[in-house]
Amino acid sequence: MTAAHVLLVEDEEIIATIITEFLGSRGIQVSAVADGEQAWALLRGGDPPYETILLDRELPGISGMELLQRIKTTAQLSQIPVVMETSSNDAKSIQEGLDRGAYYYLTKPFQPDVLLAIVNAAVGQYRDYRRMRETLEKAERTLLFMESGRFRFHSLAQAQALAGGLAQACPEPLRAAAGLQELLINAVEHGNLGISYQEKSELILAGRLQAECERRLGLPEHLDKTVEVVVEREADRLCFTISDQGAGFDWHKYLDFDPGRIFDPNGRGIALARKISFDQLDYLGDGSSVQAVVKL
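Computed from a predicted structure; not experimentally measured.

What counts as what
Residues numbered from 1 in each chain as written. Predicted model: local features only at pLDDT ≥ 70, side-chain atom pairs only at ≥ 80, totals over all residues. Heavy atoms only, no water. Helix = DSSP H or I, 4+ residues; strand = E, 2+ residues; numbered from the N terminus. Polar contact = N/O pair within 3.5 Å; in protein donor to acceptor, adjacent residues only side chain to side chain. Contact = heavy atoms within 4.5 Å. Axes fitted to C-alpha atoms, helices over the stretch in contact; angles between N-to-C directions. Parallel < 35°, antiparallel > 145°, perpendicular 65-115°, else oblique. Left-handed = near helix turned anticlockwise from the far one by under 90°. Nonpolar A, V, L, I, M, F, W, Y, C, P; charged D, E, K, R; others polar. Salt bridge = Lys/Arg side-chain N within 4 Å of Asp/Glu carboxyl O. Buried < 20%, exposed > 50% of the residue type's maximum accessible area, 1.4 Å probe, protein only. pLDDT = per-residue confidence, 0-100.

1. Thoughts on the side chain of Asp244
Step number 1: By the element assignment, Asp244 lies in the loop between strand E8 (237-243) and helix H10 (269-277).
Step number 2: A polar side-chain atom of Asp244 sits 2.8 Å from the main-chain amide nitrogen of Gly246.
Step number 3: Contact partners of Asp244, with chain neighbours within four places excluded, come to Ala187, Gly191, Asn192, Thr226, Val227 and Ser288.

As structure tokens, then:
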């Protein structure tokens, strides 16, 4: 696998040097610039190779928030995860950044293990997006003609594959794919495997989430657990009902962005799926089933 390539936009030379050297020592290529104008010139110069952008909120010239706005409203850049850096933990300002599309916030001074975990997670998300896009661009969209269907799967790899397939049934496959993948993976991780919110946070920061999922999938008590997906096409909408075999969860607090969880490395996927991928998202009963709707 090729080394990750990160764009660092940071005007404090010492901090830029520390981040560049630290990430470089972990095999991550860093291109560093000192202001927003330089960053924007690089980003708009064609198809950028960057897989994540580390962006200081306070910059000379173009501010970090303005640059974030430009990135998220430019089609070829909008899917690149942007990790905002800030020296303030003002919840209102941080919420503004998340609402504008920031992937995560890091507060200065950085904890090296958190920085590395967040960058790796952001790069992984962007690579998943690119793979999904390439798959959807090549796929024959035969599921556009499906009236109804029932699917079952067991593993995370199967969840990713099925998300791409089901997205082909939607009017905007790429928009739906990310949300479907989020819901299907959640059904495995949190539902069937019983990984709690706190456990997932700790596993992400330790770089062990995938390994722990694979370990639990092989345990006798989880070998026969599956997730069921039922698809129904109606006159004006497409409905996906996803049901796992877990104990459910308190889903109410995850439907919207929660300032109390701003610095957690997880916990925003459901809110993003609801906001971006679907026209309606409803959890049923104890949360072990969710219904996602795409209007036709």
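After presenting the structure, the write-up continues.
2. As for the packing of helix H6 (residues 156-167) against helix H7 (residues 173-192)
Step number 1: Viewed as axis vectors pointing N to C, H6 and H7 meet at an angle of 150 degrees, and their least axial separation amounts to 8 Å. If you check the angle between H6 and H7, you find them roughly antiparallel. Pair H6 / H7 crosses with right-handed handedness. From H6, Leu156, Ala159, Gln160, Leu162, Ala163, Leu166 and Ala167 reach across to H7, where they touch Pro173, Ala176, Ala177, Leu180, Gln181, Leu184, Ile185, Val188 and Glu189.
Step number 2: By residue class, the composition of the contact of H6 with H7 is 13 nonpolar, two polar and one charged.

3. Observations regarding the pattern of salt bridges
Step number 1: Under the defined criterion, the tally for this structure stands at 18 salt bridges.
Step number 2: A salt bridge links Lys108 to Glu10; its shortest N-O distance comes to 3.2 Å. Pair noted here: Lys108 is in the loop between strand E5 (104-107) and helix H5 (112-138) and Glu10 is in the loop between strand E1 (5-9) and helix H1 (13-25), with a separation of 98 residues, a long-range link. Each member of the pair, Lys108 together with Glu10, is buried.
Step number 3: Measuring nitrogen to oxygen at the nearest pair gives 3.2 Å for the salt bridge that ties Asp279 to Arg175. Placement of the pair is Asp279 in the loop between H10 and strand E9 (280-284) and Arg175 in helix H7, with a sequence separation of 104 residues.

4. Observations regarding the confidence of the model for the chain
Step number 1: Scored by pLDDT, the chain has a mean of 91; 99% of the residues are at 70 or more.
Step number 2: Mean pLDDT in the chain bottoms out at helix H4 (residues 91-99), which sits at 77, and peaks at strand E10 (residues 289-295), which reaches 98.

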